[in-house]
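# A structural walkthrough
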Amino acid sequence: MQEHESHAISRRAAVTGLVAGALVVGLDPVTRTWATAAHAAGPLDAVPSLDGTLRTDAASLAAAADDFGHIVSRTPLAVLEPGSVSDIAKMVKFCRPRGIKVAGRGQGHTTQGQAQVSGGLVIETGPLNSIQILSDRAVVGGGTTWSALLQASLAQGLTPPTLTDYLGLSVGGTLSNGGLGGQIIHHGAQVDNVLELEVVTGKGDVLRCSPTLRKDLFDAARSGLGQVGIITEAVVKLVPAPATVRRYNLFYPSVAALTAAQRAMCEDGRFDYLEGQIGLAEGGHTFLMEAVKYNATPADDAALIGDLTHTSVTIDDLTYWDFADRIGPIVDILKAIGEWQRPHPWLDSVVAGSAVNSLVTGALPDLTPEKIGLSGVILLYAIPTKKVKAPLLRLGSTRELNEKYAFLFSLLRTSSPGSLDPAAMIALNKAFYKKNRLRGGGWYPVGSNPLSKAEWVVHFGTAYPAFLLAKAKYDPSRILAPGQGIF
Ligand SMILES: Cc1cc2nc3c(=O)[nH]c(=O)nc-3n(C[C@H](O)[C@H](O)[C@H](O)COP(=O)(O)OP(=O)(O)OC[C@H]3O[C@@H](n4cnc5c(N)ncnc54)[C@H](O)[C@@H]3O)c2cc1C
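Criteria and cut-off values
- Residues numbered from 1 in each chain as written.
- Predicted model: local features only at pLDDT ≥ 70, side-chain atom pairs only at ≥ 80, totals over all residues.
- Heavy atoms only, no water.
- Near = heavy atom within 4 Å.
- Polar contact = N/O pair within 3.5 Å; in protein donor to acceptor, adjacent residues only side chain to side chain.
- Areas by Shrake-Rupley, 256 points an atom, 1.4 Å probe, with all protein chains shown as cover.
- Helix = DSSP H or I, 4+ residues; strand = E, 2+ residues; numbered from the N terminus.
- Nonpolar A, V, L, I, M, F, W, Y, C, P; charged D, E, K, R; others polar.
- Axes fitted to C-alpha atoms, helices over the stretch in contact; angles between N-to-C directions.
- Parallel < 35°, antiparallel > 145°, perpendicular 65-115°, else oblique.
- Left-handed = near helix turned anticlockwise from the far one by under 90°.
- Contact = heavy atoms within 4.5 Å.
- Pairing = 2+ DSSP bridges.
- Buried < 20%, exposed > 50% of the residue type's maximum accessible area, 1.4 Å probe, protein only.
- Salt bridge = Lys/Arg side-chain N within 4 Å of Asp/Glu carboxyl O.

In the vicinity of the ligand lie 33 residues, with Gly-104, Thr-110, Asp-165, Ser-170 and Tyr-444 positioned nearest. Within the contact set of the ligand, an oxygen atom lies 2.8 Å away from a backbone nitrogen or oxygen of Gln-107. One of the backbone N or O atoms of Gln-114 is found 3.0 Å from an oxygen atom in the ligand. The protein chains hide 95% of the 950 Å² of surface that the ligand would expose on its own. Counting residues per element, the ones that place at least two in the shell around the ligand are β7 (102-105), α4 (171-177) and β14 (229-237). It is α4 that provides the largest number of residues to the shell around the ligand, a total of five residues. In the shell around the ligand, the residues fall into 12 nonpolar, 19 polar and two charged.

Written out as structure tokens, the structure is:
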């Protein structure tokens, strides 16, 4: 096992853990509670000595039993705040023979308990936040946020090629899911821009992997929903960053007009970033294509939008940072008005290009403030399927069906006053998921659409057999990330 001093936060010799300020010395094998020397009733399984802290206080357990969804709550036995990668390895090795399940937790921004583990160990990856910027890549701890990484890389004129809309997510968390954003039209998802990973497997081994080293682990860790290991370090590609962006908000009259424009712009490649939204408007909906060109000026307008057939357009210029962090100030407002703290039964669907117009147009009557919520958002944007290479980042069956495009159709619901309760919203998610599956679609598994084990097999489709083999090899006791409900 390697020691990783770069991750060590405050190295403390032979410290074990803390229970409300007292040292945890072991696990009571009968009651399965962590105990201090003073409270030990009998012989204890001694916990390994750690560089970090093992917490069992009520506040830590409550925080780890919650997430951005505020729908599911599973209380763990303990929360590890690692002081080093070896802490994670030691605790996984400790938990495995005792049948204690383990989940990594980045920012807890999934919405249905994916990072929770009832009666198990939650490993907070936040302390693994080291950042090293090199000329064309960054070496970062798995708990680093994309916001911190971008700030550091921009200081050297560099950026990750693809960014999520919101930057307050952990690198390990989005790499475990996919990491989608408007630059996917050129660069693929974040999982397609990772050069190497360091992973602590379900056996407690610290392993590096890449396209040429343990490819099976590399392919199962990216978009693997935490099933084969905890990502403790990632080597992420960097490219030159633009100084400014010019953003064109182009409005279209219908779903079909919007998706046609998005396909055309993907083919043409003139923009650097392309997303889209359906807005809730008085008596109907708006259809927006958000198209961004890096380092453009008003002189470029004729070439960029002169031949497009939108109904209206607004244009603005932003620094690259302000563009990348555009959700940050909105989050501050949502927090201030209490919407951020409400339940979020999100559904992120992947819809096949051949079905997008009929499915999304058919869904419009269900896109109402009552069903989406006061601050709900509806995303609709194109993903050229060939740009996504990571095998476990599923785009429904679109790749197998040779669909040129899939579309992300995200219903970012908030259960606000006056809107449906979370259970009713989850039922709507399930109904759309089932309809969408029949048309070759699927879902991006960050939200609230609990799948049965059989549905997970369908979800992974042709990638399932290799995933199953990797699970058996790297997490044979199936202790990792049980909140996903896959195995
Ligand atoms: C406001 C907001 C905006 C978002 N925007 C986007 C977007 O634009 N594009 C996009 O793709 N997604 C987006 N997401 C979804 C986001 O990518 C996922 O929720 C992602 O899981 C968030 O990372 P996290 O650190 O919060 O993960 P968590 O919720 O903490 O964990 C998610 C899962 O990954 C596992 N996990 C976490 N860290 C690790 C690790 N280091 N190693 C292995 N497994 C781990 C957990 O066990 C859990 O199963 C958004 C979410 C929110 C709330």
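Here we take up the packing of helix α13 (residues 422-438) against helix α14 (residues 453-460). Between α13 and α14, the least distance of the axes is 13 Å, while the angle of their chain directions is 45°. As summarised for this structure, α13 and α14 are arranged oblique, according to the angle between their axes. Handedness of the α13/α14 crossing: left-handed. On the side of α13, the interface is formed by Lys-430, Tyr-433, Lys-434 and Arg-437, while α14 contributes Glu-455, Val-458 and His-459. Within the contact of α13 with α14, the residues separate by chemical class into two nonpolar, one polar and four charged.

This next bit is on the sheet that holds strand β20 (residues 347-352). An order of β19-β16-β18-β17-β21-β22-β20-β23 is seen for the eight strands of this open sheet, with the pairing classed as antiparallel. Of all the strands in the sheet, the pair left with one neighbour each is β19 (312-319) and β23 (442-443). Note that strand β21 (residues 377-384) and strand β22 (residues 405-412) share eight bridges and pair antiparallel. By the bridge assignment for β22, Val-377 is matched with Leu-412. Helix-sheet contacts for helix α7 (residues 255-268) involve β16 (244-252), β17 (273-281), β18 (284-294), β21 and β22, and the interaxial angle to β21 is about 40°.

Regular strands have side chains that alternate between both faces of the sheet. By the criterion of burial, strand β12 (residues 194-201) is predominantly enclosed, with six of the eight residues buried. Two elements, β12 and β14, share seven bridges in a ladder whose sense is antiparallel. Among the inter-strand pairings, Glu-196 is bridged to a residue of β14, identified as Val-235. By the bridge criterion, four bridges tie β12 to strand β13 (residues 206-209) in an arrangement that is antiparallel.

Let us look at the pattern of salt bridges. By the definition in use, this model includes 23 salt bridges. The shortest N-O distance in the salt bridge between Asp-316 and Arg-247 comes to 2.8 Å. With Asp-316 in strand β19 and Arg-247 in strand β16, this residue pair connects regions lying 69 residues apart in the sequence. By relative accessible area, Asp-316 is classed as partly exposed at 27%. Taking the relative accessible area as the measure of exposure, Arg-247 reaches 13% and is therefore buried. Linked through salt bridges whose partners overlap, the residues forming this network are Glu-196, Glu-198, Arg-208 and Glu-233.

One open sheet accounts for five strands, arranged β9-β10-β14-β12-β13; its pairing is antiparallel. The strands lining the two open edges of the sheet, one partner per strand, are β9 (131-133) and β13. For this sheet, the mean inter-axis angle between neighbouring strands, taken without regard to orientation, is 15°. With three bridges connecting them, β9 and strand β10 (residues 137-141) associate as antiparallel partners. If you follow Ile-133 over to β10, its bridge partner there is Ala-138.

If you trace the backbone, Arg-342 turns up in the loop between α10 (327-336) and β20. Distance from Arg-342 to Thr-125, taken between C-alpha atoms, is 24 Å for residues 217 residues apart in sequence. Once you skip the residues sitting within four places of it in the chain, Arg-342 turns out to touch Phe-68, Gly-69, His-70, Thr-414, Ser-415, Ser-416 and Pro-417. Only 2.6 Å separates the side chain of Arg-342 from the side chain of Glu-339, close enough to count as a polar contact.

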